[in-house]
Amino acid sequence: MHIEKITTGTHEEVLFCTDERSGLRAIIAVHDTTLGPALGGCRYWRYDGVEDALADAMRLSAGMTAKAALAGVPFGGGKAVIMADPQHEKTPAMMRAFGRFIETLNGRYITGEDVGVSPADMAHVAEETTHVAGLTTGRFASGDPSPITAEGVFRCMKLAAAQVFGSDSLRGRIVALQGLGHVGLSLAGKMRADGAQVVAADMNPKAVDAARDLGVQIVAPDRILTQEADILAPCALGGVIDHDSIAGLRVRMICGAANNQLATPDCAQELHRRGILYCPDYVVNAGGLINIAREALQIGDADWASDKLEAAVANFGELIAWAAKDRRPPLEEADAMVQKILQDGWRQSHAM
Ligand code: NAD
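As annotated in an unreviewed UniProt entry, the protein chain carries the name Leucine dehydrogenase and comes from Salipiger thiooxidans. Looking at the protein chain in UniProt, the text filed under Sequence similarities (unreviewed entry) is "Belongs to the Glu/Leu/Phe/Val dehydrogenases family."

Next comes the structure, spelled out in structure tokens:
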């Protein structure tokens, strides 16, 4: 087991972890622990190199800090990425090795599932460390976070629709949905039940079949971002909204679950200039974090998560109302609120 510390000007701690025996190569990024231990999932992904993996871990962990701050849960932001490598399959031994690295952080980082990692993988991580959440067994187990994530995105979408279209009903609205995975499919069901016409894309034939059963119209993945619709819901991977894709958008608002939807922060300004309401990803997709926070805090009351979600959705409603009044992109408003919450938290923790 080998740990190399990577110095950055932005993150409290970034570790490059290698375990030769299992073939594990992972990066653990602890962004900010002002409000509590860093909480955030572990992603298993095929990266184009270490730089690419590092950039992903750093952006995702910073997003978790913002998400936890606005969701009002006492956690900081962290994230781990495991670099998939065709030479070394993901094995129980690899996940156990990952768990041993988590353990060396003594609870400063609590891991969970993210794209490419299953509850079974997390059960292996839990053999080596208690600093793991999102398990399917155990007294406080919170299981799959996707349904509550989808519920949060759906409710925020309705609030944003009320601002943009004058009604919170999705009846008759066309939603272009990218990604029919755990969250995307659940969101599709909710939008269909509310009367929306859903046009979606995914490369996974099983996901596509399941969506067709819900009455979803399927288009090729390379057509979804230019689909004429009222709303775009990115629920696949990050970075899909860049200056090129913005030029081809034919929607009036964007609200989806994917983390880090904007390739660069200045995209928020460009969307605003074009009259497209961008609902900040880390605000609308906080349901999963809230769900996992309940487990990490060992709260047995299942209503805790639904109450927190309701508060987070209400905050989102206020956020877009303020942004509209100030004529600024909601992301700028959200980022400013996060900075204030972190500054207040820092002052409180350093008060004599
Ligand atoms: P998932 O892996 O279950 O689903 C992602 C889906 O997107 C897959 O079906 C995949 O085939 C599809 N996809 C990938 N690239 C695509 C493309 N270019 N075009 C169309 N489809 C594409 O993941 P998930 O759990 O549903 O999460 C979706 C997104 O939401 C991720 O960015 C994740 O980080 C974020 N998120 C998830 C949760 C949660 O609770 N699961 C919480 C917060 C944020």
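A tally of helices and strands in the protein chain yields 12 helices and 13 strands. Computed over the C-alpha atoms, the radius of gyration of the protein chain is 20 Å, within 12% of the 20 Å expected from 2.2 N^0.38 for a compact globule of 352 residues. Viewed in the frame of its principal axes, the protein chain has a C-alpha envelope of about 55 × 55 × 40 Å. Here the protein chain holds 352 residues, and 53% of them are scored as buried.

Of all the 10 residues making up helix α10 (residues 287-296), 9 are buried; the element is thus mostly covered by neighbouring parts of the structure. Residues of α10 that are buried include every one of G287, G288, L289, I290, N291, I292, A293, R294 and E295, and no others. Taken together, the buried residues of α10 touch β4 (38-39), α1 (50-71), α4 (146-165) and α11 (303-326). Following α10 by one or two positions, Q298 has its phi on the positive side, about 55 degrees.

With that settled, consider the domain arrangement of the protein chain. When cut into domains, the protein chain gives domain 1 (2-60 + 79-125) and domain 2 (146-286 + 314-338). Each partner contributes residues to the interface: domain 1 has 7 residues there, and domain 2 has 5 residues. A buried area of about 480 Å², summed over both sides, lies between domain 1 and domain 2, and 45% of it is on carbon and sulfur atoms. When the buried area of domain 1 at its contact with domain 2 is split by residue, W45, R59 and L60 rank highest and sum to 72% of it.

A surface patch of negative charge is lined by D301, D303, D307 and E310. One can find E310 in helix α11.

Around the ligand, 23 residues are found, and the nearest of them are T149, H182, V183, D202 and A236. Within the side chain of S146, one N or O atom sits 3.3 Å away from a nitrogen atom of the ligand. Take V183: an N or O atom from its main chain is 2.9 Å from an oxygen atom of the ligand. In isolation the ligand exposes 830 Å². Once the protein is present, 81% of that is buried. Of the pockets mapped on this structure, the ligand occupies the largest pocket. Going through the elements one at a time, α4 and α5 (182-193) are the ones with two or more residues in the shell around the ligand.

It is worth spelling out the UniProt feature "active site" (unreviewed entry) in the protein chain at this point. Mapped onto this numbering, the UniProt entry annotates "active site" (unreviewed entry) at K79. Positionally, K79 belongs in strand β6 (residues 76-83). Leaving out residues up to four positions away in the same chain, K79 has contacts with I27, I28, A29, G40, G41, A57, L60, S61, M64, Y109, D114 and N259.

Rules used throughout
Every residue gets a number counted from 1 within its own chain, in the order that chain's sequence is written. With pLDDT at 70 or above as the cut-off, local features in this predicted model cover only qualifying residues; side-chain atom pairs require 80 or more to be listed or tallied, and sums for whole chains, interfaces and linings still use all residues. Values shown for side chains rest on all heavy atoms present in the structure; no hydrogens or waters enter the calculation. UniProt positions are given in the numbering used here, feature names are shortened, and annotations may be inferred rather than shown by experiment. Numbering of helices and strands starts at the N terminus; helices are DSSP runs of H or I of at least 4 residues and strands are runs of E of at least 2. It is over C-alpha atoms that the radius of gyration is taken, and the globule rule equals 2.2 Å times the number of residues to the power 0.38. For each residue, the accessible area found with a 1.4 Å probe, counting protein chains only, is set against the maximum for its type, and the residue is called buried under 20%, exposed over 50%, and partly exposed in between. Contact between two residues is taken to exist if any of their heavy atoms lie within 4.5 Å; hydrogens are not considered. Note that the domain bounds were set by an automatic or database domain assignment. When two parts are put together, the accessible area they lose, computed with a 1.4 Å probe and summed over both, is reported as buried area. The patches described consist of residues with a relative accessible area above 30% and no salt bridge, like charges being joined within 9 Å and nonpolar side chains (Val, Leu, Ile, Met, Phe, Trp, Tyr) within 5 Å. Where accessible areas are quoted, they stem from the Shrake-Rupley method and a 1.4 Å probe; at the residue level, only the protein chains shown are allowed to cover. A carboxyl oxygen of Asp or Glu within 4 Å of a side-chain nitrogen of Lys or Arg is what we treat as a salt bridge. Under the counting rule used here, the positive set is Lys and Arg, the negative set is Asp and Glu, and His together with the chain ends is not counted. Charged side chains are reduced to one point each, which is NZ for Lys, CZ for Arg, CG for Asp and CD for Glu. Whether a residue is near a molecule or strand is decided by its heavy atoms; if any one of them lies within 4 Å of it, the residue is near. Identification of polar contacts relies on pairs of N or O atoms within 3.5 Å, with a donor-acceptor requirement for protein atoms, meaning one able to donate a hydrogen and the other able to accept it, and with residues adjacent in sequence counted only if both atoms are side-chain atoms. Of the two site types, the cavity is a set of points on a 1 Å grid over the protein atoms alone where a 1.4 Å probe fits but cannot get out, and the pocket is an open set with protein on both sides within 12 Å along at least five of seven lines, each lined by residues with an atom within 4 Å of a point. Any molecule with more than half of its atoms within 2 Å of a cavity's or pocket's grid points is counted as sitting in it.

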